[in-house]
Amino acid sequence: GDATSLETFHYFNNMSGDGGAEAVAKIVEASPKLVDVRFSGTRAGRPGSLVFAKALKPRSLLRRVDLVDNTFGAEGGAALGAWLAGGGAAL
């Protein structure tokens, strides 16, 4: 698909769960200019967090990522930690 010109994307306090994480991951994947992402209070669990972490991986311009109040679990947390270890933004 076509790339977006989004630099900031805030999607929070909606309890959208894993389905919301998967939908937001598609937006993140299509937004190479992102520098600020807020994806908090969505109650995303392990499945959604893994999809979201994969979408974040190539987003090297990100400087701020807010993922508070999600239930990513150990595996989702490990995937996000690996992204951070590779030079990702501050969570």
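The shown structure was predicted, so the numbers you read here are calculated from the model rather than taken from an experiment.

Observations concerning the packing of aromatic side chains
Right, so step 1: Evaluated as defined, the whole model comprises three aromatic pairs.
Right, so step 2: Between the aromatic rings of Phe9 and Tyr11, the centroid separation amounts to 6.3 Å while the plane-to-plane angle is 15°, which identifies the pairing as stacked.
Right, so step 3: By relative accessible area, which is 15% here, Phe9 ends up buried.
Right, so step 4: Tyr11 gets classed as partly exposed once you look at its relative accessible area, which sits at 29%.
Right, so step 5: Ring centres of Phe39 and Phe52 lie 4.7 Å apart, and the angle between their planes is 20°; this geometry places the pair in the stacked category.

Thoughts on the packing of helix H1 (residues 17-29) against helix H2 (residues 46-56)
Right, so step 1: H2 packs onto H1 with a crossing angle of 5° between their chain directions and a minimal axis gap of 8 Å. Judged on the interaxial angle alone, H2 and H1 are roughly parallel. In this structure, H1 uses Asp18, Ala21, Glu22, Val24, Ala25, Val28 and Glu29 to contact H2, whose residues at the interface are Arg46, Pro47, Gly48, Val51, Phe52, Ala55 and Leu56.
Right, so step 2: Across the contact of H1 with H2, the residue classes tally to nine nonpolar, one polar and four charged.

Brief notes about the pattern of salt bridges
Right, so step 1: Evaluation of the coordinates by the stated rule reveals three salt bridges.
Right, so step 2: With its nearest N and O atoms 3.4 Å apart, the salt bridge here joins Asp66 to Arg38. Highlighted residues: Asp66 in strand E3 (residues 64-66) and Arg38 in strand E2 (residues 36-38), separated in sequence by 28 residues.
Right, so step 3: Across the salt bridge formed by Asp66 and Arg64, the nearest N and O atoms sit 3.9 Å from each other.
Right, so step 4: The exposure class of Arg64 is partly exposed, given its relative accessible area of 40%.
Right, so step 5: Ionic contacts of the salt-bridge type, sharing partners, join the residues Asp36, Arg38, Arg64 and Asp66 into one network.

Thresholds, definitions, all that
Within each chain, residue numbers correspond to sequence positions counted from 1 in written order. Thresholds applied to this predicted model are a pLDDT of at least 70 for local features of residues and 80 or more for the giving and counting of side-chain atom pairs; totals over whole chains, interfaces and linings are not thresholded and use all residues. With hydrogens and water set aside, each side-chain value is computed from the structure's full complement of heavy atoms. Note on ring pairs: Phe, Tyr and Trp rings are taken, using the six-membered ring of Trp, and paired if centres are within 6.5 Å. Classes follow the plane angle, with under 30 degrees stacked, over 60 edge-to-face and the rest tilted. Per-residue accessibility, obtained with a 1.4 Å probe over protein chains only, is compared with the maximum for each type, and a residue is labelled buried under 20%, exposed over 50%, and partly exposed between these values. Helix axes are fitted to C-alpha atoms over the stretch in contact, other axes to C-alpha atoms as well, and angles between N-to-C directions run from 0 to 180 degrees. In this text, helices come from DSSP runs of H or I with a minimum length of four residues, and strands from runs of E with a minimum of two, each type numbered from the N-terminal end. Here the angle decides the label: under 35 degrees means roughly parallel, over 145 means roughly antiparallel, 65 to 115 means roughly perpendicular, and every other value means oblique. Contacts were defined at the residue level, with two residues in contact if any of their heavy atoms lie within 4.5 Å. In this count, Pro and Cys sit with the nonpolar residues alongside Ala, Val, Leu, Ile, Met, Phe, Trp and Tyr, while Asp, Glu, Lys and Arg are called charged and the others, Gly among them, polar. The rule for a salt bridge is simple: a side-chain nitrogen of Lys or Arg has to be within 4 Å of a carboxyl oxygen of Asp or Glu.

Function-wise, these values are silent; they only describe arrangement.
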